[in-house]
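Chains, contacts and geometry: an overview
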Amino acid sequence: MTTSPPARQVRGVAVLGSTGSVGTTALRVLQRHRDRFRVVALTAFSNVALLREQAALFEPNFLGVVGSDDDVMSGWACGPDCLVRAAQRDDVDIVINAVVGGAGLDATLAAVSAGKRVALANKESLVMAGELVLAACGRGGGEIVPVDSEHSAILQCLAGRSMKDVRRIILTASGGPFREWPRERLARATVADALHHPTWSMGRKITVDSATLANKALEVIEAHFLFGLAYEQIEVVVHPQSVVHSFVEFVDGSVLAQLGAPSMELPVLYALTHPERLGDTGVPPFDPVELGPLVFESARYSDFPALRAGVEAGRRGGAAPAVFNAANEQAVALFLEAKIGFLDIPRAIDAALERLGDGDGGNRDALMRADECARRIVREMFAC
Ligand code: NAD
Ligand code: MG
């Protein structure tokens, strides 16, 4: 009779995108729990100075820099494949994927194929290739545990319960900086306006996604794949305080929610420990009086068309979610360079989906071709 080896007492963790907003939060959490987790791999895009500081603190076995070989220390890995190399290492049990955008896809696939838990902040991987990621989990024995706060909330509400008892889930959305702006004013929204998020401090791309509500469409698709729910069972409500992180409604009408101050510390920690909990002081104490009053509003679908376009892309399936994601990523990059206006972002998404929305999404290469083509359509649309 063979017995499986005992699980490592101290779990090895790779943090991909360790220099970003989620990445630095994750390292703060890991720093408090060095008796349970050891940081064995770190990767960054180009912030070598910060990566060097992180390396001095955590002394990982593997360091990778994706986008620059300037100033890289000897022994560090360089180039895009360092994400996959970090994700597949034998000393890694958990991969925190905190890379932004489609660049995170191959690492997610590699990690779950190698049997790892992926603590997934990089929702774009699941949106682009949800079916492939789930199939790779099935083959390789890996799993995806969400870091996104809404999905973490839902996972926590579902713990120990059967999915057949779920009627629907309701994802909360802050509404972003333009929640109260009339549509006419949105046309004049600047980069600085869009980066001024009312409740969350995050990287630039997701902050713009929160302003267009494209982020909530990405999250609807993410929830579809994570929890196996039909799109009809996933709704969105605007909640400007970002205190209720999402709701689950059960078949008997009972509704559970998970609450807390807007902080990514708990979602990161819970993705590491799920289904267990670990004592921690990172989340500010909960004071319902201080955090209230709590307000809920309908989403303004007609003024924020990226939300509907993204959810429809999810329903359409195939390459459509990858096209939505890539067109959005390219348009957001151009917006952040002040080359296009705020309302050009949903226009770009619509144009790419119109041309490519029926494409094949059956394998990684087809999805990557759709991704590249969508980005090209958006650049050509604005002659960039
Ligand atoms: P960020 O821009 O602050 O950080 C991104 C990280 O990815 C950086 O470490 C950067 O070096 C790395 N990176 C960038 N481009 C890369 C590339 N081409 N290849 C490899 N690495 C690259 O972004 P963030 O806000 O931390 O968001 C990261 C991911 O987490 C996104 O998918 C975002 O949607 C998701 N997320 C973020 C938050 C948040 O609070 N920031 C909340 C929920 C989900
Ligand atoms: Mg979220």
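What counts and what doesn't
Residues numbered from 1 in each chain as written. Chains lettered and ligands numbered in written order. Predicted model: local features only at pLDDT ≥ 70, side-chain atom pairs only at ≥ 80, totals over all residues. Heavy atoms only, no water. Core = buried A, V, L, I, M, F, W, Y, C linked by side-chain atoms within 4.5 Å. Buried < 20%, exposed > 50% of the residue type's maximum accessible area, 1.4 Å probe, protein only. Helix = DSSP H or I, 4+ residues; strand = E, 2+ residues; numbered from the N terminus. Contact = heavy atoms within 4.5 Å. Near = heavy atom within 4 Å. Polar contact = N/O pair within 3.5 Å; in protein donor to acceptor, adjacent residues only side chain to side chain. Areas by Shrake-Rupley, 256 points an atom, 1.4 Å probe, with all protein chains shown as cover. Nonpolar A, V, L, I, M, F, W, Y, C, P; charged D, E, K, R; others polar. Phe/Tyr/Trp six-rings, centres within 6.5 Å; stacked < 30°, edge-to-face > 60°. Salt bridge = Lys/Arg side-chain N within 4 Å of Asp/Glu carboxyl O. 1 Å grid on protein atoms, 1.4 Å probe; cavity = no way out; pocket = protein on both sides within 12 Å on 5 of 7 lines; lining within 4 Å. Points joined across faces, edges and corners; volume = space filled by probe spheres on them.

**Quick look at the nonpolar core**
Counting residues in hydrophobic clusters, the biggest one holds 129 residues, and the most contacted among them are L30, I96, I169, F178, F324 and I345. The leading source of residues in this core is helix α14 (residues 320-336), at 11 residues. Other than its neighbours up to four places away in sequence, F178 contacts L186, A189, D193, A194, A211, R300, F304 and F342.

**What to know about the site of ligand 1**
Around ligand 1 sit 23 residues, and of these T19, S21, F45, E124 and G203 come closest. Contact distances for ligand 1 include 3.1 Å between an oxygen atom and a backbone N or O atom of G17. In this structure, an oxygen atom belonging to ligand 1 sits 2.8 Å away from a main-chain N or O atom of S21. Within the complex, 86% of the 830 Å² of free accessible area of ligand 1 lies under protein. Class assignment of the residues belonging to the shell around ligand 1 gives a composition of 13 nonpolar, 7 polar and 3 charged.

**Digging into the side chain of T172**
Mapped onto the elements, T172 comes out in strand β8 (residues 166-173). Residue T172 is classed as buried on the basis of its relative accessible area, which comes to 6%. Within the structure, T172 has its side chain in polar contact with the backbone oxygen of V244 (distance 2.8 Å). For T172, the side chain forms a polar contact with the main-chain oxygen of H245, separated by 3.2 Å. Contact partners of T172, with chain neighbours within four places excluded, come to E150, K216, V237, H239, V244, H245, S246, F247 and F296.

**Quick notes on the packing of aromatic side chains**
Overall, the coordinates contain 4 aromatic pairs when judged by the stated rule. Ring plane angle 80° and centroid distance 4.9 Å describe the contact between F178 and F342, whose orientation is recorded as edge-to-face. Here F342 lies in the loop between α14 and α15 (344-356) and F178 lies in the loop between β8 and α7 (183-186), a separation of 164 residues in the sequence. Exposure class is identical for F178 and F342. Each is buried. Between F335 and F342, the ring centres sit 5.8 Å apart and the planes meet at 65°, which makes this aromatic pair edge-to-face. For the pair shown, F335 and F342 are each scored as buried.

**Some points on the pattern of salt bridges**
The full count for this structure, using the stated rule, is 26 salt bridges. Here E265 ties to R32 by a salt bridge, and the two come within 2.6 Å at their closest N and O atoms. Residue E265 is found in helix α11 (residues 265-273), and its partner R32 is found in helix α1 (residues 21-32); the two are separated by 233 residues along the sequence. With relative accessibility at 7%, the residue E265 sits in the buried group. Judged by its relative accessible area of 32%, R32 falls in the partly exposed class.

**A few points about empty space enclosed by the protein**
Overall, the coordinates contain 2 cavities of 30 Å³ or more when judged by the stated rule. Considered as a void within the structure, the largest cavity measures approximately 80 Å³ in volume. Surrounding the largest cavity, 14 residues form its lining, H245, Q258, S263, L266 and P267 being those nearest its centre. Breaking the lining of the largest cavity down by element, the ones donating at least two residues are α6 (149-158), β11 (255-259) and α11.

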